[in-house]
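Breakdown of the fold
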Amino acid sequence: MNKLSTAPETVAISPDALRSAIANGLVSSEQAEGLRELERARTPAFDAEPHDDEKFRFISGFSDIFVTIGLGLFLGALGYFSSDMIGNTGMFAVIAVTSWLLAEYFTRRQRMALPSIALLLVYAGAVFSTVAEAFNPNLNFGMGLGNHGGFPIVVAGLATAAATALHYRRFRVPVTIAAGVAALVASAVGVLFMVLPDFAEQAAKPLLLACGLAVFTLAMRFDLSDPQRLTRRTDIAFWLHMLAAPLIVHPLISGLVGEGGSDVVSAWSILAIFVGLALVALVVDRRAILVSGLSYAGFAFGALVVKAGLSDSVVPLTMLVLGALVLLLSAGWHALRRTLLSLLPGALARRLPAHT
């Protein structure tokens, strides 16, 4: 009689399982990387997952999308009815509390990635709006902060940073750190409008650039502490890079766009800055800063196309060049990184994400 095989089935270790094992002290980062290398060696080439040093958990399945849609519908309707009954300030407070309570189930118990991100962002935005509205119900977030609007923004930013710290202590959602830092950046802008209302418009861009560099430095601290990108720190770094990118790119380049922005010198300056940002993105293996600069690079290239007398084809030509640039960078990303890392001091290169 034929007997069923009793050989144990080989089960692959998921990245999430490795991260959990590291967080709980079951294995070290070096041991986890060794297990990953062993798994890659045993996996046939056609079954192997493509290598990507910027992996992060966004969805764990279609149920994440389904639940997120439900959360959006529920919180939107709740906000509508709350606004009618208790006003905007009360509405934002209700949404903040409800987002926390929903996170108790979908984040803490179900560990659903996309709903957790959505709930955190809604929670942080609701806390910020609650405090700002409480101090100044007629606050205009877009412009004219001045002496009247700066103080509510400062207090709202600090309150949101404290609230997100409590949220992270409870739920450990990686994007929470970036949300809290963004709130602190908002507070810094509010202070500027309070202290120097007459010069705030001129000083805003240098301040945002300084904040962006500070956020980038913080992101790199998380990155350098986890070069193999196996722990929660790499997810925290990802979201910090997403925040730092526009804070750095916009102040650097936006001044070259506007009056005289179509000038050839301005266009070439923008492209030179974009190339510099691309080199930084390659070295640290983070594409966020590069993506943030694409729109400005498109503007600059479009200006050069117009200057060359091809204004009728400016849009398709710009899209063609930008698309080709993105595809070429994607195809040659690891080869370019190997070249750049070989030029860096060995001690620094070893702390950066490994190249393949």
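The following paragraphs examine the structure supplied in this document. None of these values were measured; they are calculated from a predicted model. (Residues numbered from 1 in each chain as written. Predicted model: local features only at pLDDT ≥ 70, side-chain atom pairs only at ≥ 80, totals over all residues. Heavy atoms only, no water.)

Quick look at the overall build of the protein chain
If you tally the helices and strands in the protein chain, you get 13 helices and zero strands. With 356 residues in all, the protein chain has 41% of them scored as buried. Pairs at least 24 apart in sequence give 68% of the contacts found in the protein chain among residues at least 6 apart. Accessible area of the protein chain: about 19,700 Å², with a carbon and sulfur share of 67%. (Helix = DSSP H or I, 4+ residues; strand = E, 2+ residues; numbered from the N terminus. Buried < 20%, exposed > 50% of the residue type's maximum accessible area, 1.4 Å probe, protein only. Contact = heavy atoms within 4.5 Å. Areas by Shrake-Rupley, 256 points an atom, 1.4 Å probe, with all protein chains shown as cover.)

Here's the deal with the nonpolar core
F106, L119, V215, L240, I289 and L290 are the most contacted members of the largest nonpolar core, which totals 68 residues. Looking at this core, the element that brings in the most residues is helix α8 (residues 232-254), giving 12 residues. If near-sequence neighbours (up to four positions away) are discounted, L119 is found in contact with L71, L75, S99, L102, A103, F106 and T107. (Core = buried A, V, L, I, M, F, W, Y, C linked by side-chain atoms within 4.5 Å.)

With respect to helix α11 (residues 294-307)
Compared with the 20 Å implied by 1.5 Å per residue over 14 residues, the 20 Å span of α11 between its first and last C-alpha is a close match. Every buried residue of α11 is listed here: Y296, A297, G298, A300, G302, A303, L304 and V305. (Expected span 1.5 Å × (residues − 1).)

Quick notes on a nonpolar patch on the surface
Where nonpolar side chains cluster on the molecular surface, the patch consists of F135, F151, V191, M194, V195, L196 and F199 and spans about 650 Å² of accessible area. Looking at the element boundaries, F135 is found in helix α4 (residues 113-135). (Patch = residues over 30% accessible without salt bridge, like charges linked within 9 Å, V, L, I, M, F, W, Y side chains within 5 Å. Salt bridge = Lys/Arg side-chain N within 4 Å of Asp/Glu carboxyl O.)

Here we look at the side chain of T176
Topologically, T176 is positioned in helix α6 (residues 175-195). Take T176: its relative accessible area is 2%, and that puts it in the buried class.

Observations concerning the packing of aromatic side chains
Each pair of aromatic rings is reported with the distance of its centres and the angle of its planes. Inspection of the entire model under this criterion finds six aromatic pairs. Considering the side-chain rings of W100 and F171, the 5.2 Å spacing of their centres and the 70 degrees angle between planes classify their relative orientation as edge-to-face. Of this pair, W100 sits in helix α3 (residues 62-106) while F171 is found in helix α5 (residues 146-171), placing the two residues 71 residues apart along the sequence. Ring geometry for F238 versus W239: centroids 5.2 Å apart, planes at 85 degrees, classification edge-to-face. (Phe/Tyr/Trp six-rings, centres within 6.5 Å; stacked < 30°, edge-to-face > 60°.)

A look at the pattern of salt bridges
Any two side chains of opposite charge can pair if their charged atoms end up close together. For the structure shown, the criterion picks out three salt bridges. E104 serves as the salt-bridge partner of R170, at 2.9 Å between the closest nitrogen and oxygen. Pair noted here: R170 is in helix α5 and E104 is in helix α3, with a separation of 66 residues, a long-range link. Residue R170 is classed as partly exposed on the basis of its relative accessible area, which comes to 34%. A salt bridge links D285 to R287; the shortest N-O distance between them is 3.8 Å. Classification of D285 as buried rests on a relative accessible area of 0%. The class for R287 is partly exposed, based on a relative accessible area of 27%.

Some remarks on the packing of α3 against α4
At their nearest, the axes of α3 and α4 sit 6 Å apart, and the two run at 15 degrees to each other. Judged by the angle between their axes, α3 and α4 are roughly parallel. As for how α3 packs across α4, the hand of that crossing is left-handed. Classifying every residue of the contact of α3 with α4 gives 22 nonpolar, seven polar and two charged. (Axes fitted to C-alpha atoms, helices over the stretch in contact; angles between N-to-C directions. Parallel < 35°, antiparallel > 145°, perpendicular 65-115°, else oblique. Left-handed = near helix turned anticlockwise from the far one by under 90°. Nonpolar A, V, L, I, M, F, W, Y, C, P; charged D, E, K, R; others polar.)

Section: the environment of L344
For L344, the location among the structural elements is in the loop between α12 (314-342) and α13 (346-351). For L344, a relative accessible area of 25% puts it in the partly exposed group.

Considerations on unusual backbone geometry
Excluding glycine, residues mostly carry a negative phi; peptide bonds, for their part, are mostly trans. Even without being glycine, R111 reaches a positive phi, approximately 55 degrees. Following the sequence through the fold, R111 ends up in the loop between α3 and α4. The partly exposed category is assigned to R111, whose relative accessible area is 38%.

A closer look at the environment of A281
Here A281 shows up in helix α9 (residues 264-284). A281 sits in the buried class, given a relative accessible area of 0%. Separated by 56 residues in the primary sequence, A281 and R337 place their C-alpha atoms 9.4 Å from one another. Excluding residues within four positions of it along the chain, A281 makes contact with R286, I289, L290 and W333.

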